[in-house]
Amino acid sequence: MKLLVFLGTVRESTPPTPARLGVRVAKAVLECLKSRCKGYEIELIDAKDYPLEAVFKPHFAYPKSKAPSQLVELAEKIESADGYIMVSPEYNHSMSPALANLLNHFGSSLFSYKPSAIVTYSAGQWGGMRAAIGMRTFLSELGCLPVSSMIHVPKAQEVFAADGSMQAGEDKDAWFDYFIRTFNQLIWWAQAAHGYRVQVDPHKLVKDFKKNPSERNAP
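Below, the structure is looked at part by part. (Residues numbered from 1 in each chain as written. Predicted model: local features only at pLDDT ≥ 70, side-chain atom pairs only at ≥ 80, totals over all residues. Heavy atoms only, no water.)

### A look at the pairing of strand S3 (residues 83-88)
Basically, it comes down to this: Buried means the residue's accessible area, taken with a 1.4 Å probe over protein chains only, is under 20% of the maximum for its type, while exposed means over 50%, and partly exposed covers the values in between. Secondary structure elements are defined from DSSP: runs of H or I of at least 4 residues count as helices, runs of E of at least 2 residues count as strands, and each element is numbered from the N terminus. Strand pairing is assigned whenever DSSP identifies at least 2 bridges connecting the two strands.
Counted residue by residue, S3 has 6 buried out of 6 residues, so it is predominantly covered. Here S3 shows no split at all, with Gly-83, Ile-85 and Val-87 on one side and Tyr-84, Met-86 and Ser-88 on the other all buried. Pairing of strand S1 (residues 2-7) with S3 involves 5 bridges; the strand directions are parallel. By the bridge assignment for S3, Phe-6 is matched with Met-86. Relative to strand S4 (residues 116-121), S3 runs parallel, the two sharing 5 bridges. Pairing of Tyr-84 across the sheet is with Ser-116, part of S4.

Set out below in structure tokens:
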């Protein structure tokens with residue numbers, strides 16, 4: 001079983017401080033997964049590692065074997081994964097534009113019939129929960145339905161140090177207990193979906209449109 005953790009922060013400018021606050025959250029997420037969900041392959045996908053071209057052209061718009069190698073490699077990772085964890089800040093009550101841009105480079109057929117989990121954070125008191133509401137719709141349209149439990153981390157700079165460890169006075173076990181409730185839901189659905197995909201290929205039951213979205217329109 002393989003899980004991909006997407007980190008959706010790329011902003012290095014300040015204020016607010018600290019920049020790239022989500023790195024701390026992602027490191028804590030990875031530590032929780034590796035310590036409490038042993039036996040899973042877990043990989044971080046950092047949006048900052050994918051400086052995409054100025055003119056938007058998604059992976060599926062390229063002829064075969066012509067797409068940039070970086071997009072091809074990430075497409076293969078997305079397709080082979082069993083579940084996704086999306087870590088996002090909140091911008092104007094919405095998810096990270098960098099994360100949305102990265103995910104929009106790939107067709108929903110790569111994500112479909114697998115679960116996802118939402119992790120949001122903020123430097124303020126709301127923990128990015130308003131962004132999380134919009135992410136439910138976005139991820140559902142991608143086909144990786146989000147589990148009902150979500151993770152919100154308010155004032156994340158006061159919870160996690162730069163290396164993802166807990167700040168003084170924070171209870172690591174309590175935070176990881178909070179995290180694992182969502183991750184256990186994700187893993188349950190990931191295992192169930194994986195097992196059924198082996199028996200029945202969902203892409204043969206509901207064919208993916210290949211050329212035009214109108215292929216899924218009513219007659």
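### Structural notes on the environment of Asp-163
To keep things clear, this is the line we draw: Distance and chemistry together define a polar contact, namely a pair of N or O atoms within 3.5 Å, with one atom able to donate a hydrogen and the other to accept it when in protein, and with adjacent residues in sequence counting only for side-chain atoms on both sides.
Considering the arrangement of structural elements, one finds Asp-163 in the loop between helix H6 (156-159) and helix H7 (172-199). By relative accessible area, Asp-163 is classed as exposed at 51%. With 154 residues separating them in the primary sequence, Asp-163 and Thr-9 have C-alpha atoms 16 Å apart. A polar contact is formed between the side chain of Asp-163 and the side chain of Ser-165, at a distance of 2.5 Å.

### Some points on the layout of surface pockets
Here is the rule we go by: The pocket and cavity definitions rest on a 1 Å grid over protein atoms only: a 1.4 Å probe that fits but cannot leave marks a cavity, an open set with protein on both sides within 12 Å along at least five of seven lines marks a pocket, and residues lining either have an atom within 4 Å of a point. Grid points are joined across faces, edges and corners, and a volume is the space filled by probe spheres set on the points. We call Asp, Glu, Lys and Arg charged. Ala, Val, Leu, Ile, Met, Phe, Trp, Tyr, Cys and Pro are nonpolar, and the rest, Gly among them, are polar.
What the second largest pocket holds in volume is close to 210 Å³. Along its surface, the second largest pocket is lined by 13 residues, and Arg-11, Pro-16, Pro-89, Glu-90 and Ala-123 are the ones closest to its centre. For the lining of the second largest pocket, a count of residues per class yields 7 nonpolar, 3 polar and 3 charged.

### Some remarks on the pattern of salt bridges
What counts, and what does not: Here a salt bridge means any side-chain nitrogen of Lys or Arg lying within 4 Å of a carboxyl oxygen belonging to Asp or Glu.
Inspection of the entire model under this criterion finds 9 salt bridges. Ionic pairing is found between Asp-173 and Arg-36, a salt bridge with its closest N-O pair at 3.8 Å. With Asp-173 in helix H7 and Arg-36 in helix H1 (residues 22-36), this pair connects stretches of sequence that are 137 residues apart. Judged by relative accessible area, which is 33%, Arg-36 ranks as partly exposed. The salt bridge involving Glu-90 is made with Arg-130; its shortest N-O contact spans 2.9 Å. Here the residue Glu-90 occupies a position in the loop between S3 and helix H3 (97-103), and Arg-130 occupies one in helix H5 (residues 129-142), the gap between them amounting to 40 residues. Relative accessible area serves as the criterion here: at 19%, Glu-90 is assigned to the buried category. When its relative accessible area of 36% is taken as the criterion, Arg-130 is described as partly exposed.

### Concerning unusual backbone geometry
Across the junction of Thr-14 and Pro-15, the peptide omega takes the value -5°, indicating a cis bond. Along the polypeptide, Pro-15 turns up in the loop between S1 and H1. With an omega dihedral of -5°, the bond running from Pro-15 to Pro-16 counts as a cis peptide bond. Positive phi outside glycine occurs at Lys-155, with the angle close to 50°. Here Lys-155 is to be found in the loop between strand S5 (151-153) and H6.

### Some thoughts on the packing of aromatic side chains
Short version of the rule: For this analysis, a ring pair means two rings from Phe, Tyr or Trp (six-membered ring only for Trp) whose centres lie within 6.5 Å, classed as stacked if their planes differ by under 30 degrees, edge-to-face if by over 60, and tilted for the remaining angles.
In the structure shown here, the tally under the stated rule is 10 aromatic pairs. Geometrically, the ring pair formed by Phe-160 and Trp-175 is tilted, given 5.9 Å between the ring centres and 55° between the ring planes. Within this pair, whereas Phe-160 is found in the loop between H6 and H7, its partner Trp-175 is found in helix H7, the two being separated by 15 residues in sequence. We note that Phe-160, like Trp-175, is buried. Pairing Trp-188 with Trp-189 gives two aromatic rings, centres 4.9 Å apart and planes at 80°, and the pair type is edge-to-face. For Trp-189, a relative accessible area of 48% puts it in the partly exposed group. These aromatic residues form a ring-pair network of at least three members: Phe-160, Trp-175, Phe-176, Tyr-178, Phe-179 and Phe-183.

Keep in mind that these numbers describe shape and distance, not what the molecule does.
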